[in-house]
Amino acid sequence: MVELVQGFRALDVDGSGQISFKEMNTAATKLGRPAIDTSLFKRIDKDKSGTVDHRELLRVLYPCIPRRLLEASLKEAMTPKVEMSWEQHFLPEVLNEIALIYSHLTQGGKSSLTFGKFLQQAPSEGVTPEEVRQQFEEADVDKDGCLSFKEYAFFMKQAFVSLCDD
C-alpha cells in the first residue's frame, strides 16, 4: 500500500492530492502505454470531480478489498513518517533559480503573477497564447487568477519534466 501511495504521489505532478486527466495521460505516455480515454477516466472518477483521488484509484485497482481494510491501509500508508514541506520536492539550487525568475516577474514580490506577466515569459515560437492560457489555468490551483510562488514552482517543475521527456 505504501508503494501505491508513493506511485500516486509521483503521478500527482502539481502536488494537489488529486490526479488530473492530463497527469494520468502523461504517466501513461511515460510508461509506453496508450493514452487513457475520457470514458475510462470518468469511470474511475466516482465523485465526478474531474480528478481522481487515492480512494478512487485504489477502489478500481482493488475492487474486492473490503472498504474498512482499504481505508485502514490507506490511512497508514498516507501517514507521513517525516513531515515534508513542499519546498523539499526541489533541489535548493533549482528552487533558488525559480525564485529569481518569479521575483523578476513580480517586481520583487510587489505584484502578483498574472496571466499577462506569465504570457510575457512564454516562448515566442511554437506556443500559442491559447496554449499558454491553458497552462496558466492548470497551474493556478486555487483559481484566484494569479500564480503564487508555490504554484509557479510546481508549474516550472512540470514544464522541465515535459521538456526532458521530449
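Look up: the structure comes first, before these words.
All of the points below concern the structure found in this document. Just so you know, these numbers come straight off a predicted model, no measurement behind them. (Residues numbered from 1 in each chain as written. Predicted model: local features only at pLDDT ≥ 70, side-chain atom pairs only at ≥ 80, totals over all residues. Heavy atoms only, no water.)

**Comments concerning the pattern of salt bridges**
Pairing between side chains of opposite charge can happen when their charged atoms approach one another.
Right, so step 1: For the structure shown, the criterion picks out 1 salt bridge.
Right, so step 2: Glu138 is the partner of Lys22 in a salt bridge, and the nearest nitrogen-oxygen pair spans 3.0 Å. Residue Lys22 is located in helix α2 (residues 21-30), and its partner Glu138 is located in helix α8 (residues 129-139); the two are separated by 116 residues in the primary sequence. (Salt bridge = Lys/Arg side-chain N within 4 Å of Asp/Glu carboxyl O. Helix = DSSP H or I, 4+ residues; strand = E, 2+ residues; numbered from the N terminus.)

**Topic: the environment of Gln120**
Right, so step 1: In this structure, Gln120 sits in helix α7 (residues 115-120).
Right, so step 2: In this structure Gln120 comes out as exposed when scored by relative accessible area, which is 66%.
Right, so step 3: Remark: the alpha-carbon pair of Gln120 and Val132, spanning 12 residues in sequence, is separated by 10.0 Å. (Buried < 20%, exposed > 50% of the residue type's maximum accessible area, 1.4 Å probe, protein only.)

**Brief notes about a positive patch on the surface**
Right, so step 1: Taken together, the side chains of Lys42, Arg43, Lys46 and Lys48 present a region of like positive charge at the surface.
Right, so step 2: One can find Lys42 in helix α3 (residues 38-44).
Right, so step 3: Residue classification places Lys42 among the exposed residues on the basis of a relative accessible area of 55%. (Patch = residues over 30% accessible without salt bridge, like charges linked within 9 Å, V, L, I, M, F, W, Y side chains within 5 Å. Areas by Shrake-Rupley, 256 points an atom, 1.4 Å probe, with all protein chains shown as cover. Lys, Arg positive; Asp, Glu negative; His and termini not counted. Charge placed at Lys NZ, Arg CZ, Asp CG, Glu CD.)

**Topic: the layout of surface pockets**
Right, so step 1: Approximately 1200 Å³ is the volume attributed to the largest pocket.
Right, so step 2: Those elements that place two or more of their residues in the lining of the largest pocket are α2, α6 (92-105), α8 and α9 (149-165).
Right, so step 3: Broken down by element, the lining of the largest pocket gets its largest block of residues, 11 residues, from α9.
Right, so step 4: Here the lining of the largest pocket is composed, by residue class, of 16 nonpolar, 11 polar and 12 charged. (1 Å grid on protein atoms, 1.4 Å probe; cavity = no way out; pocket = protein on both sides within 12 Å on 5 of 7 lines; lining within 4 Å. Points joined across faces, edges and corners; volume = space filled by probe spheres on them. Nonpolar A, V, L, I, M, F, W, Y, C, P; charged D, E, K, R; others polar.)

**Points about the nonpolar core**
Right, so step 1: The biggest cluster of nonpolar side chains holds 18 residues, and the ones touching the most others in it are Trp86, Phe90, Leu113, Phe118, Leu147, Tyr152 and Ala153.
Right, so step 2: Secondary structure elements with two or more residues in this core: α6, α7, α8 and α9.
Right, so step 3: Of all hydrophobic cores here, the second largest spans 9 residues; its members include Phe41, Ile44, Val52 and Leu57. (Core = buried A, V, L, I, M, F, W, Y, C linked by side-chain atoms within 4.5 Å.)

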